[in-house]
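Summary of the model geometry
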Amino acid sequence: MKLELGTIHIDQLTFGEQTQLQGAHLQINQQSLETFIYSLHPHIIEVETAIAKPGDNVRIMPVKDVIEPRVKLSEGACFPGFISGEESMVGGGKTLALKGIAVVTTGKVVGFQEGIIDMSGPGAAYTPYSTLTNLVLRIEVNEHCNQYQHEEVLRRVGLQTARWVAEQVKNAPIEHSQFFETLPSAEQRAQFPLLPAVGYVYMLQSQGLLHDTYFYGIDVKNILPTLMYPTETMDGAIVSGNCVSACDKNTTYSHQNNPVIDALYQRHGKDLNFMGVIVTNENVTLSDKVRSSNMVAKLAEQMGLQGVIITEEGFGNPDADLMMNCRKLETIGIKTVLLTDEYAGRGGESQSLADAHPAGDAVVTAGNANQLITLPPMKHLIGHNVYANMIAGGFDGSLHEDGSITVELQAITGATSELGIHTLSAHSG
């Protein structure tokens with residue numbers, strides 16, 4: 001499957017009289033945008049739209065999701081499976097991505113694990129989303145919404161608004177195009193037969209209520225591990241809907257811009273043969289963990305992989321899935337590298353992972369989520385800071401009278417991303 005990803009970099013995002021792109025300046029008519037958002041669901045009772053730029057004295061919380069505006073320029077639709085009639089496969093053809101900006105959703109969100117984005121100050125250094133110009137949507141719903149409907153409304157509003165923004169400029173000249181291609185397994189192996197065949201095991205959060213991730217619109221709790229072309233992520237085949245701790249929650253933006261996939265493509269044909277992706281879930285019961293990890297090992301062997309990178313989402317219970325996948329792959333002779341973060345206690349005195357195995361001897365850490373940080377007060381708040389005392393990483397007394405917040409890194413969106421999409425990283429050339 002071959003994808004042409006065209007990009008336009010947006011240097012300036014403002015509200016104006018009409019929606020238009022002039023050079024690198026994207027202007028959006030605020031009334032048209034808010035009218036569009038209200039039309040998306042009858043449960044929406046209040047909409048606030050705002051623009052938060054890097055360096056602004058702004059705090060966004062609690063953050064539901066972050067999405068990069070993208071739209072298909074050929075057949076199909078980004079974020080497939082969420083609207084009836086849009087079930088086509090993605091990952092091929094031509095797609096437009098607007099770089100430098102993102103859509104961020106917030107509101108009185110039902111989960112207690114949504115997090116914080118500070119656009120300046122010490123917290124900004126820990127979230128990759130502080131470097132973007134963010135179109136922030138605060139969406140409030142009526143009392144008839146239960147917690148699951150509330151989550152769904154915000155998720156759909158974020159996805160459809162991101163697509164709406166990209167659609168406004170889809171006829172503009174594309175600045176830069178990249179081509180990504182992965183062939184069917186046999187052809188891919190034959191393309192570079194002397195290079196090690198390397199794959200990617202992509203673990204998606206799916207444990208329990210509101211811990212949902214979607215693959216073509218299907219909650220991945222309901223799938224068995226399956227093969228995926230890497231390019232499918234770039235068209236939004238994987239969408240975040242979960243409420244795991246903000247630090248290692250994979251937002252939809254991080255799926256669209258998965259740095260593991262990007263790095264493997266960059267090295268493809270040079271020192272490795274990037275064969276493709278195995279998508280798998282993270283399970284609650286032991287029997288489901290065993291079943292999924294068995295399937296991962298079978299698919300990796302069937303693809304003829306010699307090495308695998310595994311990324312986790314979340315912590316604690318998913319560590320067992322991570323180690324099962326690692327052990328079973330290593331047992332059949334497939335070398336593994338694991339990407340995870342640590343919950344090692346505020347002083348680093350605790351065991352970093354809830355599970356371990358001697359086979360897991362090549363591990364990249366994304367940092368200690370229990371580390372404490374104090375975030376200074378901000379002049380402007382988009383959302384609701386009362387959640388500081390209850391979100392994961394916060395505690396009773398986290399929110400101080402002056403508006404400052406003391407929390408663990410766990411509360412900062414993307415701070416210890418297990419995809420590595422943050423400012424703290426280790427890179428091997």
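Calculation notes
Along each chain, residues carry numbers from 1 onward, in the same order as the chain's sequence is written. With the structure being a predicted model, the display of local features is reserved for residues of pLDDT at least 70 and the display and counting of side-chain atom pairs for 80 or more, all residues being used for whole-chain, interface and lining totals. The basis for every side-chain value is the complete set of heavy atoms in the structure, and neither hydrogens nor water enter the calculation. UniProt positions are given in the numbering used here, feature names are shortened, and annotations may be inferred rather than shown by experiment. Think of it this way: any DSSP run of H or I at least four residues long counts as a helix, any run of E at least two long counts as a strand, and we number them from the N terminus. Whether a residue is buried, partly exposed or exposed follows from its accessible area with a 1.4 Å probe, protein chains only, as a fraction of its type maximum: under 20%, in between, or over 50%, in that order. The term salt bridge refers to a side-chain nitrogen of Lys or Arg lying within 4 Å of a carboxyl oxygen of Asp or Glu. Paired rings are identified among Phe, Tyr and Trp, the last through its six-membered ring, by centres lying within 6.5 Å, and are further divided according to the angle between planes into stacked (under 30 degrees), edge-to-face (over 60) and tilted (the rest). Among buried residues, those of type Ala, Val, Leu, Ile, Met, Phe, Trp, Tyr and Cys that are joined through side-chain atoms within 4.5 Å constitute a nonpolar core. By the convention used here, residues are in contact when the closest approach between their heavy atoms is within 4.5 Å.

Bringing the UniProt feature "active site" (unreviewed entry) in the protein into the picture now. Taken from the UniProt record, the annotation "active site" (unreviewed entry) applies to Cys243. When you line up the elements, Cys243 lands in the loop between strand 17 (238-242) and helix 4 (252-256). For Cys243, a relative accessible area of 3% translates into the label buried.

Close approach of charged atoms allows side chains with opposite charge to pair. The final tally for this structure, using the stated rule, is 20 salt bridges. Here Arg59 makes a salt bridge to Asp118, at a shortest N to O gap of 2.7 Å. With Arg59 in strand 6 (residues 58-67) and Asp118 in strand 10 (residues 115-118), this pair connects stretches of sequence that are 59 residues apart. The residue Lys289 makes a salt bridge to Asp321 at a minimum N-O spacing of 2.5 Å. Taken together, the residues span a long stretch of sequence, with Lys289 in helix 6 (residues 286-302) and Asp321 in helix 7 (residues 317-331) at a distance of 32 residues. Summarising the burial analysis for this pair, Lys289 and Asp321 share the class buried.

It is worth spelling out the packing of aromatic side chains at this point. Inspection of the entire model under this criterion finds eight aromatic pairs. In this structure an aromatic cluster arises from ring pairing among Phe180, Tyr265 and Phe274.

Quick look at the nonpolar core now. Membership of the largest hydrophobic core comes to 36 residues, with the highest contact counts inside it found for Leu26, Ile28, Ile37, Leu98, Leu135, Ile139 and Val165. Mapped onto this core, the elements with two or more residues apiece are strand 4 (25-28), helix 1 (30-38), strand 5 (44-52), strand 8 (93-99), strand 9 (101-106), strand 11 (133-141) and helix 2 (147-167). Counting residues per element, this core draws most heavily on helix 2, which supplies eight residues. Ile28 has contacts with Leu13, Thr14, Phe15, Gly16, Gln18, Thr19, Leu33, Leu135, Trp164 and Val165, leaving out every residue within four places of it along the chain. Among the nonpolar cores identified, the runner-up in size contains 28 residues, and Val198, Ile223, Ala237 and Val260 belong to it.

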